[in-house]
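# What the coordinates show
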Amino acid sequence: MKLDQTGILTRCSACGSTNRLKYAVVDKESRCGKCKAALGPPATPVEVTGTAEFDAAISTASVPILVDFWATWCGPCHMIAPELEKLALRMAGKVLVLKLDTDAQPELSQRFQIRSIPTLAVFQGGKEAERTAGVQSAAALEQILLRYSRAA
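The structure reproduced in this document is the subject of the present report. Within any chain, residue numbers begin from 1 and follow the written order of that chain's sequence. Confidence filtering applies because this is a predicted model: local features only for residues at pLDDT of at least 70, side-chain atom pairs given and counted only at 80 or more, and all residues used for totals across whole chains, interfaces and linings. The basis for every side-chain value is the complete set of heavy atoms in the structure, and neither hydrogens nor water enter the calculation.

## A word on the pattern of salt bridges
Criterion for a salt bridge: a side-chain nitrogen of Lys or Arg within 4 Å of a carboxyl oxygen of Asp or Glu. In total, this model carries eight salt bridges according to the counting rule given. The partner of Lys86 in a salt bridge is Glu83, with the nearest N and O atoms 2.9 Å apart. Taken together, the residues Lys86 and Glu83, both in helix H2 (residues 75-90) and three residues apart, mark about one turn of the helix. For the exposure calls, accessible area comes from a 1.4 Å probe over protein chains only, and a residue counts as buried if that area is under 20% of its type's maximum, exposed if over 50%, partly exposed in between. Residue Lys86 is classed as partly exposed on the basis of its relative accessible area, which comes to 41%. In this structure, Arg90 and Glu142 form a salt bridge, with 2.8 Å as the shortest nitrogen-oxygen distance. With Arg90 in helix H2 and Glu142 in helix H4 (residues 138-146), this residue pair connects regions lying 52 residues apart in the sequence. Helix and strand assignments follow DSSP, with helices taken as H or I runs no shorter than four residues and strands as E runs no shorter than two, numbered in order from the N terminus.

Take a look at the structure:
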């Protein structure tokens, strides 16, 4: 999966074609445009590849977004990665989990004044709603996100 300025690009598991899940309806059921098979909601963390894509996601997503500000050289960032995988799977359709490499996206890291990693920030309605730092369990992060998720 990857982001673009209007949604998440995902492959259909039935026919392999690429589909776009628009941010504004990421919590709704979707079907493949080619074969009409059901497309599940994003159930894994999605890498942020640019500022425009990030801004579009946080400003228009129909669900809260958890952003993991991380870096490849960071040991604790690698420790939390499996917990984020569990969380994304468990809360698919209710929350979108994004991974933002602070070295690859320094302008976003600076904009949000990221001073330590991993930093986890919840965005809702285009604004940062909450922030925590350090390694957290999937269960602890789920408790934070339940405060923001309508379909919890």
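## Some remarks on the state of the cysteines
In what follows, a disulfide is any cysteine sulfur pair within 2.5 Å. Overall, the coordinates contain one disulfide when judged by the stated rule. Between Cys74 and Cys77 runs a disulfide, and the two sulfur atoms are separated by 2.5 Å. Judged by the sign of its S-S torsion, about 80°, the cystine formed by Cys74 and Cys77 is right-handed. Considered together, Cys74 and Cys77 belong to a single accessibility category, that of buried residues. Cys32 provides the cysteine sulfur closest to Cys15, a residue in no disulfide bond, and the two sulfurs are 3.6 Å apart.

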